[in-house]
Amino acid sequence: MNIETIEDAEPRSVWQAIRRGFGQRCPSCGEAGLYRAYVKVRDDCPSCGAALHHHRADDMPPYLTILLVGHILIPLVLMTEQAWHPETWVHWAVWIPSLVLSSLWLLPRLKGAVIGLQWANRMHGFGGEEDQPVEP
């Protein structure tokens, strides 16, 4: 019986897997789409057959989305206010749609990047073994 440990396994490129995940592609082959719906990950890659159901992205993608969108849009809002002093309705008309659309665009990409990171590091079953339940 040939049991392969994580240390013996062929290394996976972390940055390549993150780039593929950010592009919403399979972190293993980069060919097929990662999602079957907006942020619903496929169970298996239809191109290479890699199991993708192991992922545990959880709250990291929304956290990163809030962090990035907030750090990009808030300075723009403040600079706009200081430079032009627009009416409140202009802020609402510009920044609320910008916030929503940028968040909706960024969330699946960041979730893919997190899944790619987990795949490259063989986390949460991506190394071939299932996670063991934690006993209290």
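Residues numbered from 1 in each chain as written. Predicted model: local features only at pLDDT ≥ 70, side-chain atom pairs only at ≥ 80, totals over all residues. Heavy atoms only, no water.

Draft legend 1. Local environment of the nonpolar core. One finds Cys26, Leu34, Val41, Cys45, Leu52, Ile115 and Trp119 to be the most contacted residues of the largest nonpolar core, which totals 16 residues. No other element matches the four residues that helix α3 (residues 88–120) contributes to this core. Excluding residues within four positions of it along the chain, Val41 makes contact with Leu34, Tyr35, Arg36, Leu52, His55, Lys111 and Ile115. Formed by five residues, the second largest nonpolar core is a distinct cluster that contains Leu73, Trp95, Leu106 and Leu110. (Core = buried A, V, L, I, M, F, W, Y, C linked by side-chain atoms within 4.5 Å. Buried < 20%, exposed > 50% of the residue type's maximum accessible area, 1.4 Å probe, protein only. Helix = DSSP H or I, 4+ residues; strand = E, 2+ residues; numbered from the N terminus. Contact = heavy atoms within 4.5 Å.)

Draft legend 2. Up close: unusual backbone geometry. Positive phi, normally seen in glycine, also occurs at Arg122, with a value near 55°. If you check the backbone angles, His124 has positive phi at about 55° while not being a glycine. By the secondary structure assignment, His124 is in the segment after α3. For His124, a relative accessible area of 27% translates into the label partly exposed.

Draft legend 3. View of a nonpolar patch on the surface. Together, Tyr38, Trp92, Ile96, Leu99, Val100, Leu101 and Leu104 give the surface a local cluster of nonpolar side chains, amounting to about 710 Å² of exposed area. In this fold, Leu104 is placed in helix α3. (Patch = residues over 30% accessible without salt bridge, like charges linked within 9 Å, V, L, I, M, F, W, Y side chains within 5 Å. Areas by Shrake-Rupley, 256 points an atom, 1.4 Å probe, with all protein chains shown as cover. Salt bridge = Lys/Arg side-chain N within 4 Å of Asp/Glu carboxyl O.)

Draft legend 4. Seen up close, the packing of aromatic side chains. For the structure shown, the criterion picks out one aromatic pair. Here Arg12 stacks its cationic end above the ring of Trp119, 4.3 Å away from the centre of that ring. (Phe/Tyr/Trp six-rings, centres within 6.5 Å; stacked < 30°, edge-to-face > 60°. Lys NZ or Arg CZ within 6 Å of the ring centre and 35° of its normal.)

Draft legend 5. View of helix α2 (residues 60–84). Look at α2: 36 Å from first C-alpha to last across 25 residues, which is about the 36 Å you get at 1.5 Å a residue. In the structure, α2 departs most strongly from a straight axis at Gly70, where the bend amounts to approximately 25°. By the burial criterion, the buried members of α2 are Pro61, Thr65, Val69, Leu73 and Thr80. The elements touched by buried residues of α2 are α3. Phi for His85, located one or two positions after α2, is positive at around 45°. (Expected span 1.5 Å × (residues − 1). Bend = angle between axes of the 7 residues up to and from the residue.)

Draft legend 6. Up close: the packing of α2 against α3. In contact at an axis separation of 8 Å, α2 and α3 are set at 150° when each is read in the N-to-C sense. When the axis of α2 is compared with that of α3, the two are roughly antiparallel. Relative to α3, the crossing made by α2 is right-handed. Of the residues in α3, those in contact with Met60, Pro61, Pro62, Leu64, Thr65, Leu68, Val69, Leu73, Leu76, Val77, Thr80 and Glu81 of α2 are His91, Trp95, Ser98, Leu99, Ser102, Ser103, Leu106, Leu107, Leu110, Lys111 and Val114. (Axes fitted to C-alpha atoms, helices over the stretch in contact; angles between N-to-C directions. Parallel < 35°, antiparallel > 145°, perpendicular 65-115°, else oblique. Left-handed = near helix turned anticlockwise from the far one by under 90°.)

None of the figures reported here should be taken as evidence of function without further support.
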